[in-house]
Amino acid sequence: MPLLEASEMAALQAVAADGMVTPVTINRLTKSEGDYGDVLSFVFLVTVNGWLYSDPQAVITEVGQIQGLVNTYRLFLPVGTDILSGDQVVIGGNTFTCSDTNAESTYLPLLRCTLRRLE
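Let me begin by describing the structure that accompanies this report. Numbering of residues starts from 1 in every chain and runs along the sequence as written. Only residues with pLDDT of at least 70 are given local features in this predicted model, and only at 80 or more are side-chain atom pairs given and counted; all residues enter the totals for whole chains, interfaces and linings. Water and hydrogen atoms play no part in the side-chain values, which are based on all heavy atoms of the structure.

Quick look at a nonpolar patch on the surface
How we decide: Surface patches are defined over residues having more than 30% relative accessible area and no salt bridge, joining like charges when they lie within 9 Å and nonpolar side chains (Val, Leu, Ile, Met, Phe, Trp, Tyr) when within 5 Å. Residue exposure ignores everything except the shown protein chains as possible cover, and the areas themselves are Shrake-Rupley values with a 1.4 Å probe. Here, a salt bridge means any side-chain nitrogen of Lys or Arg that lies within 4 Å of a carboxyl oxygen of Asp or Glu. Segments assigned H or I by DSSP are reported as helices when at least four residues long, segments assigned E as strands when at least two residues long, and all are numbered from the N terminus.
Taken together, the side chains of Leu29, Leu40 and Phe42 define a hydrophobic patch exposed on the protein surface, amounting to about 290 Å² of accessible area. Looking at where Leu40 falls in the secondary structure, it is placed in strand E2 (residues 37-55).

So, the pairing of strand E1 (residues 22-34)
Filter applied, for reference: Here a strand pair is declared whenever DSSP counts at least two bridges between the two strands.
Here E1 pairs with E2 via 13 bridges, running antiparallel. Paired with Thr25 across the strands is Thr47, a residue of E2. Hairpin remark: E1 followed by E2, antiparallel, with two residues in the connecting loop. Relative to strand E5 (residues 88-91), E1 runs antiparallel, the two sharing three bridges. For Asn27, the partnering residue across the bridge sits in E5 and is Gln88.

Some thoughts on the side chain of Asn102
To keep it simple, the criterion reads: Should any heavy atoms of two residues lie within 4.5 Å, those residues are counted as being in contact.
Take Asn102: it is sitting in the loop between strand E6 (94-101) and strand E7 (111-118). With near-sequence residues (within four places) excluded, Asn102 lies in contact with Leu108, Leu110, Leu111 and Arg112.

The following block contains the structure:
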């Protein structure tokens with residue numbers, strides 16, 4: 001007997017989807033050959049509604065000789081959304097990098113992604 005019946009999981013996913021009201025654009029990193037080697041660029045993949053949650057960190061970090069806050073963000077998306085580690089996520093004009101997802105989990109009421117952004 002499964003932990004949750006399919007109808008119960010569908011009901012949980014519907015409740016989670018109610019909180020996903022923010023447009024989220026996902027761009028996939030692609031590599032092509034240029035005259036002087038590989039060219040990396042982001043290509044539009046999809047726009048879906050999601051729910052962004054910020055977990056502020058009060059630690060200043062130095063990146064490229066610039067001090068900034070590297071905050072951790074959680075992005076909740078509908079189960080089955082095509083997103084991978086390394087994808088670029090644009091929300092409200094702000095650009096984030098997806099560092100991981102819980103797509104491999106057995107029971108998914110929602111897809112949770114960890115985002116990073118240097119501020």
